[in-house]
Protein chains: 2
Amino acid sequence: MPLDNYWQKEEIMPRRELEELQLKRLKWVVNHAYRNVAFYKRRLKELGVHPSDIKKLEDVKKLPFTTKEDFASNYPFGLFAVPLSEVVRIHTSSGTTGKPKVVGYTRNDLENWTNLVARCLYMVGVRKDDVFQNMVNYSLFTGGLGFHYAAERIGATTIPAGVGNTRRQLELMMDLGTTAIHCTPSYALRIKEVSEEWGLNFEGSRLRIGCFGAEPWSENLRKRLEEFFGIKAFDSYGLSEMNGPGVAFECEEQNGLHIWIDHYLVEIVDEEGNPVGEGEKGELVLTALTKEAMPILRYRTGDITFLIDEKCSCGRTHPKIARISGRVDDMVVVKGVNVYPSQVEHSLMKIPEVCGEFQIVVDRKTLDNVTVRVEVPEDKVNSEKLKAKIEEILKSDLGVRVNVELVKKGELERTGGKAKRVVDLRKNS
Amino acid sequence: MPLDNYWQKEEIMPRRELEELQLKRLKWVVNHAYRNVAFYKRRLKELGVHPSDIKKLEDVKKLPFTTKEDFASNYPFGLFAVPLSEVVRIHTSSGTTGKPKVVGYTRNDLENWTNLVARCLYMVGVRKDDVFQNMVNYSLFTGGLGFHYAAERIGATTIPAGVGNTRRQLELMMDLGTTAIHCTPSYALRIKEVSEEWGLNFEGSRLRIGCFGAEPWSENLRKRLEEFFGIKAFDSYGLSEMNGPGVAFECEEQNGLHIWIDHYLVEIVDEEGNPVGEGEKGELVLTALTKEAMPILRYRTGDITFLIDEKCSCGRTHPKIARISGRVDDMVVVKGVNVYPSQVEHSLMKIPEVCGEFQIVVDRKTLDNVTVRVEVPEDKVNSEKLKAKIEEILKSDLGVRVNVELVKKGELERTGGKAKRVVDLRKNS
């Protein structure tokens, strides 16, 4: 493979060399965390583990997990391993409940992060001739600046479009000849909706690449977006605790997301934190191998996926994770069956009358009373036939019966950012 | 002076050397514009001017002016001098009426811009130990990313806070130990207001530097903000047509803004475009001397100021401009007298009962019917005495009588960004 196809040579490093690099970095990061973060020193001591006990990659299992609660109890700077004078950037989570998660970056961290996202964009074909419109929230959300720095580094004409004002976004896309976009999949649906209202189509537009992330989405939504925009659509995965975007990304194969294991050590665990069997579904656990400002050991991401470790035709030697099927905390249990919003989306997208927006409402009356509210065109809202059809498809796909409520197109809330797919009425009372 | 006090050696370059550099760059940019921008080639030819006619700095007067209408008629890329593949960033103006202004940057342009803003921040004392909270709109507005890149370059802990959610901003300031902030002066007033509602004060806070820009403000507002926040407050000037912020900035003297003449050639002109007398007020006209992607000749900024060309105790050899008294298009003529919002603000800030927000309403009934709406605490709204006091002070300061209407605190719109100070009811009908 010519190196021209890759942003960094590490992308095609033989697996054995990658593992040597991982081990070297794992030793470094455990030592760094132990020496410079009081929280980790205490945790390791409690477990009777010393950095010198890390002799092979499997020894990662000796280390303690880190959870989002650990971020809360160490707010704001308890997980920082360097003085603030070495920290050049801070991001925070939205912190809708309680204090936000605070994450910090040294100059080297930003450099690594930028290159990791640049790998992803370069992998799907973004080059200096491209016009890249970045339609996510800038400021504290890592998705904005993360992609911005990477696209600019590649040399693409980067438009920091931000989120909202969808007509304005469309005007920019058309007038500036945008070739690649980045946004949440639900915002892409919103753009589609506004285009349709406006009578705008993308035939003859220069658009060819769509990067969609920050929330789980489905294969059938991909098909809809690809068809409407005339693009190839790629799934993006990341989280601010691990820098931000650039943790994993689909290649041209569109069959799983390459996860950059020279920077992130991957485990998949069950509810008790034990490793699942090969190829089995579980919670993704990540150890940041190179983060200086905030070394994070065995972070429980809450994201459900499984590992695909096969040779990929793109030539990259990094394993893949399957697209995230949901978050641990977004899973709804219906009559004992686990249901994720992305499964519901996948099923709904098979039905042409369904506009795209939906919500899963969990009611307090009985734990199993789950209703899926689905947007359809106004003249279909009272169609018993359509309602029955959707219920049937959902029952067949999910393996459990849920109620369906048809609502008029435009009735459900649009956020511009991550969509709110599960509404738990039990929590509000 | 030790070089430690300056970000770049050009800041203290002897004036003669600066002028030599200006001339060299002026020749370059005129040539660049002539060869690579069809618009400028046509304009210069119409005037019978050839780049080789630029032999000394005064020859700038031979060149055509550029106006905001020229941006509109060349939308989107007509003023670009390099192919899009060399453009790594695009910003646009808000474009509330019609198409936005589009500005582009090469990698060198971003590098120059970052260093120019870094000069400003470094000049007022921002260092790597500082925590810099950037509370302006990111994305398309140049104020966000412009300051962000510069603060990060200096190595300050940069918080891309963005705009809005004022309580959250205050929480970040307190929890993260913010030492320096950047926002519009009207947003600073908003933060003050919310702090007061919240019973929060800044005694004992680490905050010490405030950078305020993107709209004209007054000396008396500076006093209020300095006192409330316990900071030194500095005026920032820039415009996206000239990269963005980083065109001019106050030094510790707080007496005029050093304008970086190695990158921007300065003229002050009257309404007809003729030079004003030494030290006289007029419209600022700027020629970008180093911009590759978009060389802009003699741009009529619409901003009113005058030149202060005296030796400065800070050691910088660049002349100063006086704080912007207003925009050509924000000037209100009352009975033949020119009134700028910043003058009104300055007068209002003398009166302790005045909360800070105000609006100048121009009515259609007679051209001279101008009302200043002023926010005061609820229990003062009906005070004839206060109304008379404000009218008297305004009359004495402005030299003309205007009507005053007292409105309840909180009644006028807060934007988070640039405040809307002049409401022209004639335009809406």
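See the structure printed just above.
Our subject in this report is the structure included herewith. Nothing here was measured: the structure is a model prediction, and the numbers come from that model.

**Brief notes about the overall build of chain A**
Stage number 1. Across its full length, chain A holds 10 helices and 21 strands.
Stage number 2. A globule of 429 residues ought to have a C-alpha radius of gyration of about 22 Å, and chain A, at 22 Å, matches this closely.
Stage number 3. In terms of principal-axis extent, the alpha carbons of chain A reach across some 70 × 55 × 40 Å.
Stage number 4. Split into buried and exposed, the 429 residues of chain A put 60% on the buried side.
Stage number 5. Taking all contacts inside chain A whose residues are at least 6 apart in sequence as the whole, residues at least 24 apart take part in 67%.
Stage number 6. On chain A, roughly 17400 Å² of surface is accessible, and the fraction owed to carbon and sulfur atoms is 48%.
Stage number 7. Taking the average place of the 62 positive charges on the side chains of chain A and the average place of its 63 negative ones, the gap between the two points comes to 3 Å.

**Considerations on the relation of the copies chain B and chain A**
Stage number 1. Superposition of chain B onto chain A requires a rotation of 180 degrees combined with a translation of 0.0 Å along the rotation axis, giving an RMSD of 0.1 Å. Taken together, the rotation and translation relating the two chain copies correspond to the operation of a two-fold axis. Looking at the rotation axis and the C-alpha trace of chain B, the residue lying nearest is B:Tyr138, at 3.0 Å.
Stage number 2. The overlap is high: 100% of the interface residues of chain B also sit at the interface in chain A, so the same surface is used on both sides.

**Considering the nonpolar core**
Buried together is how nonpolar side chains tend to be arranged in soluble globular proteins.
Stage number 1. With 108 residues, the main nonpolar core has A:Leu26, A:Leu121, A:Tyr237, A:Met242, A:Leu286 and B:Phe212 as its most contacted residues.
Stage number 2. For A:Leu286, the contacting residues outside a window of four places in its chain are A:Leu239, A:Met242, A:Val247, A:Ile259, A:Tyr264, A:Leu265, A:Val266, A:Ile296, A:Leu297, A:Arg298, A:Tyr299 and A:Thr301.
Stage number 3. Counting 107 residues, the second largest nonpolar core, distinct from the first, contains A:Cys183, A:Trp217, A:Phe229 and B:Cys120.

**Some points on the sheet that holds strand 21 (residues 422-424) of chain B**
All names here are of chain B.
Stage number 1. Across the sheet, 4 strands lie side by side as 20-19-18-21; this open sheet has mixed pairing. Strands at the two margins of the open sheet, each flanked by one partner only, are strand 20 (403-408) and strand 21. Going across the sheet, the axis of each strand differs from the next one's by a mean of 25 degrees, ignoring polarity.
Stage number 2. Strand direction decides the pairing type here: strand 19 (residues 370-376) and strand 20, joined by 6 bridges, are parallel. Bridging from a neighbouring strand, valine 374 pairs with leucine 406 of strand 20.
Stage number 3. Each of strand 19 and strand 20 touches helix 10 (residues 384-398); the most contacted strand, strand 20, lies at about 135 degrees to it.

**Structural notes on the pairing of strand 5 (residues 180-183) of chain A**
Residue and element names in this part refer to chain A.
Stage number 1. Neither face of strand 5 is open: one carries Ala180 and His182, the other Ile181 and Cys183, and all of them are buried.
Stage number 2. In the sheet, strand 3 (residues 131-134) pairs with strand 5 via 3 bridges, with the strands oriented parallel. Each residue of the ladder has a partner; that of glutamine 133, found in strand 5, is isoleucine 181.
Stage number 3. Pairing analysis gives 4 bridges linking strand 5 to strand 6 (residues 209-213), with the strands arranged parallel. Paired with isoleucine 181 across the bridge in strand 6 is glycine 210.
Stage number 4. Each parallel crossover has a hand, and the one from strand 5 via helix 7 (residues 185-198) to strand 6 is right-handed.

**Here's the deal with the pairing of strand 12 (residues 299-305) of chain A**
Residues and elements named next belong to chain A.
Stage number 1. Of all 7 residues making up strand 12, 7 are buried, and the element is well covered by its neighbours.
Stage number 2. Across 4 bridges, strand 11 (residues 282-288) lies against strand 12 in antiparallel orientation. By the bridge assignment for strand 12, glutamate 283 is matched with isoleucine 304.
Stage number 3. In this structure, strand 12 lies alongside strand 15 (residues 326-327), joined through 2 bridges in antiparallel fashion.

**Thoughts on the sheet that holds strand 20 (residues 403-408) of chain A**
Residues and elements named next belong to chain A.
Stage number 1. The 4 strands are arranged 20-19-18-21 in an open sheet whose pairing can be described as mixed. A single partner strand is all that each edge strand has here, and the edge strands are strand 20 and strand 21 (422-424). Across the sheet, the mean angle from the axis of one strand to that of its neighbour is 25 degrees, orientation sign disregarded.
Stage number 2. Inspection of the sheet shows strand 18 (residues 358-362) paired to strand 21 by 3 bridges, in the parallel sense. Considered in strand 21, the bridge of valine 361 is made with valine 423.
Stage number 3. Helix 10 (residues 384-398) rests against strand 19 (370-376) and strand 20 of the sheet, and its axis sits at about 135 degrees to strand 20.

**What about the packing of helix 9 (residues 341-348) of chain A against helix 10 of chain A?**
All names here are of chain A.
Stage number 1. Where helix 9 meets helix 10, the axes come as close as 10 Å, and the angle between the chain directions of the two elements is 130 degrees. In terms of their interaxial angle, helix 9 and helix 10 are classed as oblique. Once helix 9 is placed against helix 10, the crossing between them reads as right-handed. Residues Gln343, Val344, Ser347 and Leu348 of helix 9 form the contact with helix 10, whose participating residues are Ile390, Ile393, Leu394, Asp397 and Leu398.
Stage number 2. Here the residues of the contact of helix 9 with helix 10 sort into 6 nonpolar, 2 polar and 1 charged.

Reading the values: rules and limits
Residues numbered from 1 in each chain as written. Chains lettered and ligands numbered in written order. Predicted model: local features only at pLDDT ≥ 70, side-chain atom pairs only at ≥ 80, totals over all residues. Heavy atoms only, no water. Helix = DSSP H or I, 4+ residues; strand = E, 2+ residues; numbered from the N terminus. Rg over C-alpha atoms; globule rule 2.2 N^0.38 Å. Buried < 20%, exposed > 50% of the residue type's maximum accessible area, 1.4 Å probe, protein only. Contact = heavy atoms within 4.5 Å. Areas by Shrake-Rupley, 256 points an atom, 1.4 Å probe, with all protein chains shown as cover. Lys, Arg positive; Asp, Glu negative; His and termini not counted. Charge placed at Lys NZ, Arg CZ, Asp CG, Glu CD. Least-squares fit on C-alpha atoms with pLDDT ≥ 70 in both. Core = buried A, V, L, I, M, F, W, Y, C linked by side-chain atoms within 4.5 Å. Pairing = 2+ DSSP bridges. Axes fitted to C-alpha atoms, helices over the stretch in contact; angles between N-to-C directions. Right-handed = clockwise from strand over helix to strand, strands pointing away. Parallel < 35°, antiparallel > 145°, perpendicular 65-115°, else oblique. Left-handed = near helix turned anticlockwise from the far one by under 90°. Nonpolar A, V, L, I, M, F, W, Y, C, P; charged D, E, K, R; others polar.

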